[in-house]
Amino acid sequence: MTPALTLEPLSRDHLPEAAALWADPAVIRYTNIAVPCTAAEAAERLDCLLACQRDLPSPTIFTVREGETFCGLAGCPPVDAAAGTYGLFYQLLPACWGRGVGFAAASNALRRLEALAPALVLADVVAENTASVRILERLGLVRTGVRPGAFCREGRVLDIWDYARRWDGPEETA
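J.: An account of the sheet that holds strand S2 (residues 61–66) is needed here, citing residue identities and associated values.
T.: Across the sheet, which stays open at both edges, the four strands sit in the order S1-S2-S3-S6 with antiparallel pairing between neighbours. Here the strands that pair on one side only, and so sit at the sheet edges, are strand S1 (6–9) and strand S6 (89–92). Within the sheet, the average angular offset between the axes of one strand and its neighbour, ignoring direction, is 30°. Sheet topology places S1 next to S2; four bridges connect them, and they run antiparallel. What sits directly across from Thr 6, in S2, is Arg 65. Helix H1 (residues 15–22) rests against S2, strand S3 (69–75) and S6 of the sheet, and its axis sits at about 80° to S3.

J.: Residue-level account of the layout of surface pockets, with values.
T.: Volume-wise, the largest pocket comes out at about 1,300 Å³. Lining the largest pocket are 45 residues, with Tyr 30, Thr 31, Tyr 90, Gln 91 and Ser 132 sitting closest to its centre. Among the secondary structure elements, those contributing two or more residues to the lining of the largest pocket are helix H2 (25–28), helix H3 (39–52), S6, helix H4 (101–113), strand S7 (120–126), helix H5 (130–138) and strand S8 (142–153). Tallying contributions element by element places H5 first for the lining of the largest pocket, with six residues. Considered class by class, the residues forming the lining of the largest pocket number 28 nonpolar, nine polar and eight charged. Considering only enclosed or pocket space, the second largest pocket measures out at about 190 Å³ in volume. Forming the boundary of the second largest pocket are Pro 25, Ile 28, Arg 29, Tyr 30, Ala 34, Val 35, Pro 36, Phe 151, Arg 153, Glu 154, Arg 156 and Leu 158. In the lining of the second largest pocket, the residues fall into eight nonpolar, no polar and four charged.

Reading guide: rules and limits
Residues numbered from 1 in each chain as written. Predicted model: local features only at pLDDT ≥ 70, side-chain atom pairs only at ≥ 80, totals over all residues. Heavy atoms only, no water. Pairing = 2+ DSSP bridges. Helix = DSSP H or I, 4+ residues; strand = E, 2+ residues; numbered from the N terminus. Axes fitted to C-alpha atoms, helices over the stretch in contact; angles between N-to-C directions. Contact = heavy atoms within 4.5 Å. 1 Å grid on protein atoms, 1.4 Å probe; cavity = no way out; pocket = protein on both sides within 12 Å on 5 of 7 lines; lining within 4 Å. Points joined across faces, edges and corners; volume = space filled by probe spheres on them. Nonpolar A, V, L, I, M, F, W, Y, C, P; charged D, E, K, R; others polar.

Spelled out as structure tokens, the structure:
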């Protein structure tokens, strides 16, 4: 069963929750965040996410809640808004893993993106992050490239897989 989630437009009020998310080593393991964020780094990261969507007609980055419980963030920041190109990301607390929250959050973020009539959605994933690979593929994204050894962390060198999807609406895949 898919969890019932609420997506709230990201705001500065979400800084304490975002800071806790980005300070969790398990959460950032496969992200571009190399080490757990300090409070100041989290504030800077949040400000960047807010700034990148400031000129859009509707928000594209959200906090994810299951009931009153904060689960994480999901969204589609603009890559080139004029061309209709957006990225897709989701970052969830470990307590929310393995229950369909990631798929539901990403699917809901894509549904919200429809208001902006996107043409292309892009995502990337560290190849060994099989849960995220499954989510992207269930959402209809297709692998478009491999960047060998592009992810280096703790002495490990891993591939990054690039994904894309020409936009025709969210796919509801079970």
